[in-house]
Amino acid sequence: MKIVSLAVIAGAALALSACSKEPSTQCTTAPESEWMDQTQFQNDLKEKGYTINEFVVTDGNCYEIYGMDAADKKVEIYFNPVDGSIVKSESH
């Protein structure tokens, strides 16, 4: 009985973890040759008042930053690397 219970619990935990994964945000399907230069893009954001703590290129072809906006709010923002538009933004 214990083995069956453990198997049920393990299966439920696995199913829950699979359900909780969000699909990655997709920003563009354009080839990287059409993307804005990463360094210049970051410099442009800094000129607009952003503080960048972390900059990554996501699996969904986004430029993503973690940092602070000009109002010193903590942000996580996904940008389209082709035109710099915001695709998804979260403030904390």
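Quick caveat, the model's predicted, so the values are computed rather than measured. Along each chain, residues carry numbers from 1 onward, in the same order as the chain's sequence is written. Local features are withheld for residues below a pLDDT of 70 in this predicted model, meaning they are given only at 70 or higher, and side-chain atom pairs are given and counted only at 80 or more; totals for whole chains, interfaces and linings count all residues. Only hydrogens and water are set aside; all other atoms, that is, all heavy atoms of the structure, feed into the side-chain values.

Further remarks concern the state of the cysteines. Only a pair of cysteine sulfur atoms within 2.5 Å counts as a disulfide in this structure description. Under the definition given, this model contains one disulfide. One disulfide bridge connects C27 with C62, the sulfur atoms lying 1.9 Å from each other. Its S-S torsion of about 95 degrees marks the bond between C27 and C62 as right-handed, since a negative value means left-handed. Of this pair, C27 sits in the loop between helix 1 (2-20) and helix 2 (38-47) while C62 sits in the loop between strand 1 (51-57) and strand 2 (63-68), placing them 35 residues apart in sequence. The same class applies to C27 and to C62, which are both buried. Strands are runs of DSSP state E lasting at least two residues, helices are runs of H or I lasting at least four, and both sets are numbered from the N terminus onward. Three exposure classes are used, based on accessible area relative to the maximum for each residue type with a 1.4 Å probe and protein chains only: buried under 20%, partly exposed in between, and exposed over 50%.

Parts of the prediction with low pLDDT should not have their coordinates interpreted in detail. The predictor rates its confidence in each residue with pLDDT, a number between 0 and 100. Across the chain, the average pLDDT comes to 85, with 76% of residues at 70 or higher. Here, two residues are considered to be in contact whenever any of their heavy atoms come within 4.5 Å of each other. Within the model, the stretch residues 4-8 combines pLDDT values under 50 with zero contacts to residues more than four positions away or in other chains. Here residues 16-20 is a poorly scored stretch, pLDDT under 50, and it has zero contacts once near neighbours within four places are set aside; other chains count.

In this section: the side chain of E76. For E76, the location among the structural elements is in strand 3 (residues 74-79). For the buried E76, no salt bridge exists, and the shortest N-O distance to an oppositely charged side chain is 6.2 Å, to K88. Whenever a nitrogen or oxygen atom comes within 3.5 Å of another N or O atom, the pair is scored as a polar contact, on the condition that within protein one atom can donate a hydrogen and the other can accept it, and that pairs from neighbouring residues in sequence are kept only if both atoms are in side chains. A polar side-chain atom of E76 sits 3.3 Å from a polar atom in the side chain of Y78. Residues in contact with E76, not counting those within four places in the same chain, are E64, I65, Y66, K88, S89, E90 and H92. Counting rule applied: Lys, Arg positive; Asp, Glu negative; His and chain ends not counted. The rule for a salt bridge is simple: a side-chain nitrogen of Lys or Arg has to be within 4 Å of a carboxyl oxygen of Asp or Glu.

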